[in-house]
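# Geometric and topological summary
Residues per chain, in single letters:
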Amino acid sequence: MSRFYEYQKRIVSVFLICLMCMSVYACGKKQDAMEKIKDLDCTVIAEDKIPEELLSKIAQKKTEAFRLTFEDRGFLYICVGYGTQETGGYSIAVNALYETANAIYVDTNLIGPAPEEKSNQVESYPYVVIKTEFVDKPVVFD
């Protein structure tokens, strides 16, 4: 009976070790999916370089904050708008644009006019259009 008991202990031990290895592997896979593969080359493009169809979509959405993507001729356009602002003088920083195994991540923020800057007292609609190579993955906005 003791040999049988020892045999059972070994089987249970092997099973537990396999289970631990599988969980470590699974956790590692989840982290890999979120890990940056590479930074993407990009260009912030001027309004006169934005495709007409995209420009039309932006015009419809610009009064409210928006996030959208647009594909055209092998390029991906990532757009972030900050809605109506009381004055002019705003800019937008692109802090990060990178690819992971499952998605493209983009991080931007709105920078207000400096206090000493004499900003235009007319409403503005700051937005940024980022052009990069087309990658067939969802875009996650931070």
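Not measured: the values here are computed from a predicted model.

## Some thoughts on the nonpolar core
- Counting 13 residues, the largest nonpolar core has Ile-78, Leu-97, Ile-104, Val-106, Ile-130, Val-139 and Phe-141 as the members making the most contacts within it.
- For this core, the secondary structure elements donating two or more residues are strand E4 (75-82), strand E5 (91-100), strand E6 (104-111), strand E7 (127-133) and strand E8 (139-141).
- Among the elements that line this core, the one with the most residues is E4, at three residues.
- Excluding its chain neighbours within four sequence positions, the residues that come into contact with Val-106 are Ile-78, Ala-96, Leu-97, Ile-130, Val-139, Val-140, Phe-141 and Asp-142.

## Description of the packing of aromatic side chains
- For the structure shown, the criterion picks out three aromatic pairs.
- With 6.1 Å between their ring centres and 55 degrees between their planes, Phe-70 and Tyr-77 make a pair best called tilted.
- Exposure remark for Tyr-77: the relative accessible area of 4% places this residue in the buried category.
- When the ring centre of Tyr-98 is taken as reference, the NZ or CZ atom of Lys-36 above it lies at 5.5 Å.

## Quick notes on the side chain of Thr-108
- Tracing the sequence through the fold places Thr-108 in strand E6.
- Polar side-chain contacts of Thr-108 include one of 2.7 Å to the side chain of Tyr-82.

Conventions we followed
Residues numbered from 1 in each chain as written. Predicted model: local features only at pLDDT ≥ 70, side-chain atom pairs only at ≥ 80, totals over all residues. Heavy atoms only, no water. Core = buried A, V, L, I, M, F, W, Y, C linked by side-chain atoms within 4.5 Å. Buried < 20%, exposed > 50% of the residue type's maximum accessible area, 1.4 Å probe, protein only. Helix = DSSP H or I, 4+ residues; strand = E, 2+ residues; numbered from the N terminus. Contact = heavy atoms within 4.5 Å. Phe/Tyr/Trp six-rings, centres within 6.5 Å; stacked < 30°, edge-to-face > 60°. Lys NZ or Arg CZ within 6 Å of the ring centre and 35° of its normal. Polar contact = N/O pair within 3.5 Å; in protein donor to acceptor, adjacent residues only side chain to side chain.

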